[in-house]
Each structure stands twice: as C-alpha cells, then as structure tokens.
Amino acid sequence: MTQHPSTHGPSETPGNEATPRRSIAIVGAGIVGASAALALKRAGFDVTLYSERTREELRDAVPATGTAILFGDSRSHDARIEGDRYGADAAFATSAVTVNGGPTFDAPYDYEAQSVDVRLRADDRIGLFLDEGGSFAHRRVDDAELDRIAGENDVTFVATGKGGLAERFPVDAERSPYSEPQRYLLTVTVRPADGGDVRFPGRTENERSALLSIDAEEGEVFVGPYLHKDAGPAWVLLGFARFGSESEKAYREARDSASALDIFRAQHHRLFPDVAPQIDALEVIDSDEYSWLKGAVTPTVRRPVARTDSGGLLVSLGDTAIAVDPIAGQGAQLGAIQVAALADALREQPGEWDEELFTRLFDTHWERHGKPSVEATSLFLGDPKYAEVVGSFFGRAAENPAAGTALFDLLSVPGPVLGLRGEEDVVRFVRTFEGRRTAVPAASPQVTASTHV
Ligand SMILES: Cc1cc2nc3c(=O)[nH]c(=O)nc-3n(C[C@H](O)[C@H](O)[C@H](O)COP(=O)(O)OP(=O)(O)OC[C@H]3O[C@@H](n4cnc5c(N)ncnc54)[C@H](O)[C@@H]3O)c2cc1C
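Thresholds applied
Residues numbered from 1 in each chain as written. Predicted model: local features only at pLDDT ≥ 70, side-chain atom pairs only at ≥ 80, totals over all residues. Heavy atoms only, no water. UniProt positions renumbered as here; feature names shortened; annotations may be inferred. Helix = DSSP H or I, 4+ residues; strand = E, 2+ residues; numbered from the N terminus. Buried < 20%, exposed > 50% of the residue type's maximum accessible area, 1.4 Å probe, protein only. Pairing = 2+ DSSP bridges. Polar contact = N/O pair within 3.5 Å; in protein donor to acceptor, adjacent residues only side chain to side chain. Contact = heavy atoms within 4.5 Å. Right-handed = clockwise from strand over helix to strand, strands pointing away.

- Under an unreviewed UniProt entry, the name given to the protein chain is NAD(P)-binding protein, and the source organism is Dietzia timorensis.

### Things to note about the UniProt feature "domain: Styrene monooxygenase StyA putative substrate binding" (unreviewed entry) in the protein chain
- In the numbering used here, UniProt assigns the "domain: Styrene monooxygenase StyA putative substrate binding" (unreviewed entry) feature to residues 161-275.
- Strand forms 30% of residues 161-275 and helix 19%; the C-alpha atoms that close the span are 34 Å apart.

### Digging into the pairing of strand 9 (residues 210-215)
- In terms of burial, strand 9 is largely enclosed, as six of its six residues are buried.
- Neither face of strand 9 is open: one carries Ala210, Leu212 and Ile214, the other Leu211, Ser213 and Asp215, and all of them are buried.
- Relative to strand 9, strand 4 (residues 91-99) runs parallel, the two sharing five bridges. Bridge pairing in strand 9 links Ala96 to Leu211.
- Of the pairings in the sheet, the one linking strand 9 to strand 10 (residues 219-228) comprises five bridges and is antiparallel in character. Counterpart to Leu212 in the pairing with strand 10 is Phe222.

### Overview of the environment of Gly102
- Examined against the element boundaries, Gly102 turns out to sit in the loop between strand 4 and strand 5 (104-115).
- Residue classification places Gly102 among the partly exposed residues on the basis of a relative accessible area of 29%.
- Between the C-alpha atom of Gly102 and that of Ile214, which follows or precedes it by 112 residues, the distance is 9.7 Å.

### Quick notes on the side chain of Gln333
- Tracing the sequence through the fold places Gln333 in helix 9 (residues 331-347).
- One polar contact links the side chain of Gln333 to the main-chain amide nitrogen of Phe71, over a distance of 2.9 Å.
- When near neighbours in sequence (up to four residues on either side) are disregarded, Gln333 contacts Ile69, Leu70, Phe71, Ser74, Ala328 and Leu411.

### Details of the pairing of strand 1 (residues 23-27)
- The buried fraction of strand 1 is high, at five of five residues.
- One crossover worth recording links strand 1 to the parallel strand 2 (residues 46-51) by way of helix 1 (residues 31-42), and it is right-handed.
- One ladder, built from four bridges, connects strand 1 with strand 7 (residues 155-158); its direction is parallel. Bridge pairing links Ala25 to Thr156 in strand 7.

Right, dumping it as structure tokens:
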C-alpha cells in the first residue's frame, strides 16, 4: 500500500514544457483529503497523499467521521471531482418532521439528497487516485515531518479534520459562530431486521422519507436512508442532544452499536412514540463494529493559511478549515465545494502559489458558501437570533408544503439564510417555492453493497 512521495522529476505541467510540474502534498486522507488528491492529480499536478492509516484501515478500521449527506446543490460540485457512482441507491427527497410530538408535516425537497458512507466514497477516490498515478504515503505527520514535506512541495494542504494539525491554523474568532459545542451527538448505522424497506405510517404516507423529530427541551433526531460500505442500503440514526438533557445522559452511555441502537429505541418510546415500532424493528450491522460514533463538535473557523517553522506554505481544507455542528449537514458539503473550486483555480493559475492566492480563494469560499452554511447551521440549531424565522417556517409548514420545501432548501443552498431576519422575509422566501415541482422521492433501492465496492 505504501508508496513513496514523488520527487521533482522530469515530469512537466501539461501545455508548458518549460515549467516543472508543480508538486502538492495533502496530509489526511478522509473524504476531503482523498477528494483533493484525486481532483488535483487530475488537474495535472504531482500529488502525494499522506495518511496516518493505511487505505484498508481508512475503510474498515475507523468509524465514518460523519453521515456526510450531500443535500442537492453540493452534489454538482462533488460530481466535478468524480462522477456519481451511487445514484438513487442512497437518495431520498423528503423529510417528515414533528415538533414536540405535535403536528407533523412532510417537507418535500426541491432536490435529491444523497447519503453515502464517507469511508466508501473516500476509498473509491483513493483507488482512482492510485490508479491514475498518485502517491500514497502511510505515516502520521508530526510538526517536524510537516516542515520537511512543506519544504519539498509547492503547497501542502492540511486536511486532518478537526484536531491535531488543525491547530497550526489560528482560530478566526470573528467567523467562528460559537466557542463551545452546541449538541452532544450519537449516531449508529442500522438496517431493517427483515431486510425490507422502512416506512413510517405513524408519521407519513410517503414511501421513502427521512424523519426529523424535534423536542424543544432535549434536541433533535434525524433518521434517514444511508448507503453502508458493506451492507449496502441501510439507515442512519443521528441524535443531537441538548446539553443537560436526559438524551445527553443516555447518549454518553453508548459503548457499541448495539447499546447505541438501544438508546435510540428508548428515546423514541419516550419522546417520539409515533415511529417507535419502526425504530424497534431496526438491527445493527454486525460486520461493522465501527458503525457508531458519539461526541461533540466545537464549531470552529480557522485562518486558511499558515507557515511551518521553516516557512513552508500550509493551506487548510475541509473540517480543518471550517468545522460546523452537523445538525444542518454542511461539513462534507463544504469540503466538496472547496475542493472542486480549488482544483479549478489551480488548474488555471500559472502565477505564484502564495499566501495571497490561497487567502483570496478561501475568502471567496467563505463568502459564497462558508458563511451561509454556518448561518444555516445556527438556524437549525434554533439559535435565538433565528427564533422568529424558525417559528414562521414551522408555523406555516403544516398548511403549506412550500414552507417545508423552502426550509429544507437551506440545507442545499444556504445563501438565502443571510436575508432571513423575520416573518416577512420567510413569507417572501416561501413564496418562491410555491407551485414549484419538487423532486420525486427515490424508489426503493434494489442493489447490494457488492455493486459499489
Ligand atoms: C455525526 C455527524 C454527522 C454529519 N453529517 C453530515 C452531513 O449529513 N452532511 C455533511 O455535509 N457533513 C456532515 N458531517 C460532517 C462531515 O462528516 C465532515 O465534515 C467530513 O467528513 C470531514 O472530512 P475531512 O476529510 O475534512 O476530515 P476527517 O474525516 O476527520 O479526515 C481527517 C483524516 O486525517 C487523518 N489525520 C489526522 N491527523 C493526521 C496526521 N497527523 N497525519 C496523517 N493523517 C492524519 C485522520 O486519520 C483522518 O483520516 C457530519 C459530521 C458528524 C460528526
């Protein structure tokens, strides 16, 4: 598996015979590092991907970093990195929502969301990267090694997720929305015990719907379709517990996938009994002991560029650059958008690769995508500054499906959130969705995991 980084050899940038091919290092082979490696290799550069785990370990010996659903618009950005291999198998196009056990409403999306095991998507991309001549170096990169790598490459991207080397990049306090985690998280991937599809007649007549169940005191639970790397079509349970709640206490007790599922079952009987029978009928995926995760995310935006001790250029990518609470599913989407734009920009950038260029690229990414995603996340977290906005959406959604469609469109295209300050803004925004055709909910999946691996 381990291949060694290329050195500056005789290779040359296509179309410019006088210029040696530029070399790029990427540290961290999660979904963002793997995507960047493939996209930048295809853009014509020498790329080495450094990973503290082997390719096999990345796929089979770690939990997925997150659910990483791509809600609509980000799918077209992601498809510029690599065409869609998963199609309708992992797609869904509606959420059935309940608030405090009260009225429920269906929110038909204006797009199809896609929920693919991030380990599968990353592994597919690493495979293509290697097939197309990329180098994979298996080693944990420490500060000294980072200094050496940065000295040997034109630029070094750091895509090591939320911790560790991320600390090389100072926190941008102005852009960071919170300084503490906002929810305690528990997630587990499961499948129906009888192998069939899952319907929620207590909540919705829709054939293939995700659920968003909200309890104002305790937090939120998302239940939705998921393409598991081995088991194929599956479901994910994803809980967001408010600190100090019974749910938080329960989530902290999870110690494996079976106990995580039991905790969700008990929580549904207590808070969301209309769908408890269906949650009871789910079972864990025995072949994957890493199919669950618990913890909390401190939402953090970092400065995009840093220097090693010897002055090597470091640029942050993915969760290293912007880490958001997952409640609005923005993290992996932002990573895909950032990588696709970066590959386009560098392909067309014959000039200096310097701090100024990468700061400008990130500032553009922040204004167009990062800031709206951070704000949409605050809205879905029920931040007090969005209280009137959230109340207006929920107040209308039971009567007017366009309100649900508009609300969930913010997961796909969060930009309009910046103009939502009160009731009138919501009314205007919802009106733009009235009479629109929404996406048709995906048909039940017919394929097995072997199609994908
Ligand atoms: C519960 C949950 C649900 C989520 N749901 C969604 C969603 O629905 N939609 C969405 O868009 N996003 C979602 N997210 C966010 C999404 O999962 C992340 O944004 C994304 O997976 C981050 O990918 P990454 O590659 O930046 O980081 P990571 O996946 O953390 O990858 C970092 C990699 O770097 C490696 N590494 C670390 N340090 C070193 C080192 N020193 N040397 C070498 N390698 C190193 C690690 O081993 C790891 O492989 C969710 C997150 C959570 C927690």
